[in-house]
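Now for the letters of each chain:
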Amino acid sequence: MSSKVETIERFILDSQPDYARGEFTNLLYDIALAAKIISHKTNRAGLTDILGEVGAVNVQGENQQKLDVYADDVIFRMCDHTGRLCAMASEEKEEMIAIPEQFKKGSYILVYDPLDGSSNIDVNVSIGTVFGIYRCRDWEHRGRLEDILQAPRRLVGAGYVLYGASTILVYSTGNGVHGFTLNPELGEFLLSHEYMRFPEPPTYYSVNHAYFERWAPETQEFLRWLQGRRGDDAPKLSSRYIGSLVADFHRNLLRGGIFCYPGELDKPNGKIRLLYEAGPLAFLAEQAGGYASTGTGSILDVEPTELHQRTPFFVGNRSLVYKAESFIQAGKQGG
Ligand code: AHM
Ligand code: MG
């Protein structure tokens, strides 16, 4: 924990390289402001008429909650007119979002999951926003699909906001991972966690055990290893699963551990979305000394072919994710 009082604005400004024109810095401010607005709304979720489903079904075939719609709208409206973006893509929108013609366009692409863990909204359990920032590939054009479909290794920034017991914004621009806790009285995000790293030894593994029978034998074996049932080199882990990826990731970042959402026999790519969830968290994980894998290779190297592409996802302490890969590799080779 840091003892100095430093706002996110100050921190972002101090981290900006001398040659920067402020476009990227200001984009981070925009996201921080959107996070404050969403946080304010989520804190009042039980007090207003906000609970319940809008009735619409989103592109993933899931019911949208009112807060999902609200958060999606806040981020879009905070970023569409600023001249910093050339396109956006949201987990809640079927198509990419072009910057309206009447606004100047900028050099960056924003991908985001406005409110992840939507099944937890109505039950007052932590939820989160995830975002990733790419550079537009081609300055000539106003946001094309190929500008958005970039491998996560090309991210120039990523982060999440966790709306939990307190609201915390965690981000990286490639120089470590830093966390800022929202002081509700001041309305400011204050630096609370500088240079976050997955601690060793890890403490937790996080997976939805209800799906055990849906996994390939090698995934099941890896889970047995995590549980210490293979009798060899497994660390002593406890199990925690919230069902909100941001919350599960954040806890494991602070305490050490692995989050797994494996592919299933009938759903080989699992559930987690590459662009909006796995990619940004993979970028953060590497910056925090961890690693994220599909089970067969780095998430950062997956070239997306579709906006809403899903991927098996293993993320956390590097040693644990490597172990997942070795089990899955051995399974594929019939070992
Ligand atoms: P969402 O984008 O609809 O909220 O779904 C993603 C969430 C993740 O936050 C979480 O890790 C996962 O779905 C939980 O899924 P499950 O209920 O299948 O375990
Ligand atoms: Mg999501």
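Note: the structure precedes this text.
Here is a short report on the structure shown in this document.

Notes on the coordination of the magnesium ion (ligand 2)
Six octahedral donors around a metal ideally subtend angles of 90 or 180 degrees, whereas four tetrahedral donors ideally subtend 109.5 degrees.
Piece 1. Every protein donor of the magnesium ion (ligand 2) is accounted for by Glu-91 (OE), Asp-113 (OD), Asp-116 (OD) and Glu-277 (OE), and the metal-donor separations fall at 2.0 to 2.5 Å.
Piece 2. All donors of the magnesium ion (ligand 2) belong to a single chain; written as a sequence motif, their spacing is E-x21-D-x2-D-x160-E. Here the two residues Asp-113 and Asp-116 agree in accessibility, since each one is buried.

Structural notes on the pattern of salt bridges
Piece 1. Tallying each qualifying case throughout the model produces 15 salt bridges.
Piece 2. Linking Asp-301 and Arg-153 is a salt bridge whose minimum nitrogen-to-oxygen distance equals 2.6 Å. Residue Asp-301 is found in the loop between strand S14 (290-293) and strand S15 (313-317), and its partner Arg-153 is found in the loop between helix H4 (145-148) and strand S7 (157-163); the two are separated by 148 residues along the sequence.
Piece 3. Among the ionic contacts, a cluster of salt bridges with common partners joins Glu-91, Arg-273 and Glu-277.

Considerations on the site of ligand 1
Piece 1. In the neighbourhood of ligand 1, 17 residues make up the surrounding shell, with Asp-116, Tyr-211, Tyr-241, Leu-245 and Tyr-261 lying closest.
Piece 2. One of the backbone nitrogen or oxygen atoms of Ser-118 is found 3.0 Å away from an oxygen atom of ligand 1.
Piece 3. A distance of 2.9 Å separates an oxygen atom of ligand 1 from a polar atom in the side chain of Lys-271.
Piece 4. For the shell around ligand 1, the elements supplying multiple residues, two or more each, are strand S5 (108-116) and strand S13 (257-261).
Piece 5. Residues of the shell around ligand 1, tallied by class, amount to 5 nonpolar, 5 polar and 7 charged.

With respect to the environment of Glu-277
Piece 1. Along the polypeptide, Glu-277 turns up in helix H7 (residues 274-287).
Piece 2. A relative accessible area of 1% places Glu-277 in the buried class.
Piece 3. Between the C-alpha atoms of Glu-277 and Glu-23, which are 254 residues apart in sequence, the distance is 24 Å.
Piece 4. With near-sequence residues (within four places) excluded, Glu-277 lies in contact with Glu-91, Asp-113, Asp-116, Val-130, Leu-245, Lys-271 and Ile-272.
Piece 5. A polar atom in the side chain of Glu-277 sits 2.8 Å from the backbone nitrogen of Arg-273.

The rules behind these values
- Within any chain, residue numbers begin from 1 and follow the written order of that chain's sequence.
- As they are written, the chains are lettered A onward and the ligands numbered 1 onward, keeping that order.
- Where totals are concerned, whole chains, interfaces and linings use all residues; where local detail is concerned, this predicted model gives features only for residues with pLDDT of at least 70, and gives and counts side-chain atom pairs only at 80 or more.
- Side-chain metrics in this entry use all non-hydrogen atoms of the structure; hydrogen atoms and water are not considered.
- Coordination here is defined by N, O and S atoms within 2.8 Å of the metal (3.2 Å for Na, K and Ca), and since water is not considered, a site can look incomplete.
- Here's how the labels work: a residue is buried when its accessible area is under 20% of the maximum for its type, exposed when over 50%, partly exposed in between, all with a 1.4 Å probe on protein chains only.
- Criterion for a salt bridge: a side-chain nitrogen of Lys or Arg within 4 Å of a carboxyl oxygen of Asp or Glu.
- A helix here means a DSSP run of H or I that spans at least four residues, while a strand means a run of E at least two residues long, and both kinds are numbered starting from the N terminus.
- Proximity is defined per residue: if any heavy atom of the residue lies within 4 Å of a molecule or strand, that residue is considered near it.
- Distance and chemistry together define a polar contact, namely a pair of N or O atoms within 3.5 Å, with one atom able to donate a hydrogen and the other to accept it when in protein, and with adjacent residues in sequence counting only for side-chain atoms on both sides.
- Each residue gets one label: Ala, Val, Leu, Ile, Met, Phe, Trp, Tyr, Cys and Pro are nonpolar, Asp, Glu, Lys and Arg are charged, and the others, such as Gly, are polar.
- Contacts are residue-level and defined by heavy atoms, with any inter-residue pair within 4.5 Å sufficient.

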